[in-house]
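Single-letter residue listing:
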Amino acid sequence: MKKSDISPMPQYFDKYINLVKDIELLDAFESSLEDLYTLDTCLLEKIGNKTYLKDKWEIKEIIQHITDIERLLTSGVLRFSRNEPNFIISFDENRLTKNSKAKNKKLAYILEELISVRRSTICLYQSFDEEDLQKKELIGDMKSLY
């Protein structure tokens, strides 16, 4: 499945989806994993706790946020793919980040965690068939639950 296969484009997520290349989803995941392996960790360590503005997130918090949100989103994707009607994903990103304690973690550990989560995401998407990937709404009796 490619970006161009998504129709209609989901509201809100379109701003993120439109940032990626029009390549197969699993290829995009694999490419992102390669990017994580080749990050310039020396540069990230050098940036350290600097932020572009006061009270903005530090590098470690940004990476931890990506990990946390990927976990939350894939949980929703799994529930949706299995026709679970309670797949709505809601969170306060600032509360999650504040309570992640990323500032107290080593950058290497945070990156290792993200790589592990990304591998898990890839496995989840590899388990989907075309019907799962093309699903736009809950099917069958599940619709009556709303």
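Just so you know, these numbers come straight off a predicted model, no measurement behind them. For every chain, the first residue of the written sequence is number 1, and numbering continues from 1 onward in sequence order. Where local features are concerned, this predicted model is filtered to residues with pLDDT of at least 70; where side-chain atom pairs are given and counted, the filter is 80 or more; whole-chain, interface and lining totals use all residues. Heavy atoms throughout the structure, all of them, feed into the side-chain values; hydrogens and water do not.

1. Regarding the packing of aromatic side chains
Moving on, step 1. Stacked, tilted and edge-to-face pairs are distinguished by plane angle, under 30 degrees for stacked and over 60 for edge-to-face with tilted covering the rest, among Phe, Tyr and Trp rings (Trp via its six-membered ring) whose centres lie within 6.5 Å. In the structure shown here, the tally under the stated rule is 4 aromatic pairs.
Moving on, step 2. Ring geometry for Tyr 12 against Tyr 16: centres 5.9 Å apart, planes inclined by 65°, an arrangement best described as edge-to-face.
Moving on, step 3. Ring geometry for Tyr 125 versus Phe 128: centroids 5.2 Å apart, planes at 75°, classification edge-to-face.
Moving on, step 4. Each residue in the set Tyr 12, Phe 13 and Tyr 16 is aromatic and connected to the rest through ring pairs, giving one cluster.

2. Regarding helix α2 (residues 25-37)
Moving on, step 1. The first and last C-alpha atoms of α2 sit 19 Å apart over 13 residues, in line with the 18 Å expected at 1.5 Å per residue.
Moving on, step 2. Any residue under 20% of the maximum accessible area for its type is buried, any over 50% is exposed, and the rest in between are partly exposed; the area is computed with a 1.4 Å probe on protein chains only. The helix count covers DSSP runs of H or I at least four residues long, the strand count covers runs of E at least two residues long, and both are numbered beginning at the N terminus. Looking only at α2, the buried set comprises Phe 29, Ser 32, Leu 33 and Leu 36. Buried residues of α2 fall within an arc of 100° about the axis and therefore sit on the same side.
Moving on, step 3. Contacts are residue-level and defined by heavy atoms, with any inter-residue pair within 4.5 Å sufficient. Considering only its buried residues, α2 is in contact with α6 (107-126). To estimate how far a helix should extend, the number of its residues minus one is multiplied by 1.5 Å. Starting at the helix axis, one direction is taken to each C-beta atom, and the arc is that of these directions.

3. A look at helix α4 (residues 59-81)
Moving on, step 1. An ideal rise of 1.5 Å per residue puts 33 Å on 23 residues; α4 measures up with 33 Å between its terminal C-alpha atoms.
Moving on, step 2. At the C-terminal side of α4, Asn 83 shows a positive phi close to 65°.

4. Observations regarding the environment of His 65
Moving on, step 1. Structurally, His 65 can be placed in helix α4.
Moving on, step 2. Judged by relative accessible area, which is 18%, His 65 ranks as buried.
Moving on, step 3. In sequence terms His 65 and Phe 128 are 63 residues apart; their C-alpha atoms lie 25 Å from each other.
Moving on, step 4. When neighbours within four sequence positions are excluded, His 65 is seen to be in contact with Trp 57, Glu 93 and Thr 97.

5. As for the nonpolar core
Moving on, step 1. Core analysis: the biggest nonpolar cluster contains 16 residues, and Leu 33, Leu 36, Leu 44, Ile 59, Ile 63 and Leu 107 have the highest contact counts within it.
Moving on, step 2. Listing elements by their share of this core, those giving two or more residues are α2, α4 and α6.
Moving on, step 3. If we skip the residues at most four places from it in the chain, Ile 59 touches Leu 44, Ile 47, Gly 48 and Leu 107. Side-chain atoms within 4.5 Å are what join buried Ala, Val, Leu, Ile, Met, Phe, Trp, Tyr and Cys residues into a set we call a nonpolar core.

6. As for the environment of Thr 38
Moving on, step 1. Structurally, the position occupied by Thr 38 is in the loop between α2 and α3 (41-47).
Moving on, step 2. On the accessibility criterion, Thr 38 (63% relative accessible area) is exposed.
Moving on, step 3. For Thr 38 and Glu 84, which are 46 residues apart along the polypeptide, the C-alpha to C-alpha distance reads 37 Å.

7. So, a negative patch on the surface
Moving on, step 1. What makes a patch is a set of residues exposed beyond 30% relative accessible area and free of salt bridges, joined within 9 Å when like-charged and within 5 Å when nonpolar (Val, Leu, Ile, Met, Phe, Trp, Tyr). The method behind every accessible area is Shrake-Rupley, applied with a 1.4 Å probe, and residues are considered shielded solely by the protein chains displayed. The rule for a salt bridge is simple: a side-chain nitrogen of Lys or Arg has to be within 4 Å of a carboxyl oxygen of Asp or Glu. For the purpose of counting charges, residues Lys and Arg are taken to be positive, whereas Asp and Glu are taken to be negative. His and the chain ends are not included. Taken as the charge centre is NZ of Lys, CZ of Arg, CG of Asp or CD of Glu, depending on the residue. There is a patch of like negative charges on the surface, built from Asp 5, Asp 22, Glu 24, Asp 27, Glu 30, Glu 34, Asp 35, Asp 129, Glu 130 and Glu 131.
Moving on, step 2. For the negative patch, the elements supplying multiple residues, two or more each, are α2 and α7 (130-134).
Moving on, step 3. For the negative patch, the element with the highest residue contribution is α2, accounting for 4 residues.
Moving on, step 4. Position of Glu 34 relative to the elements: it lies in helix α2.

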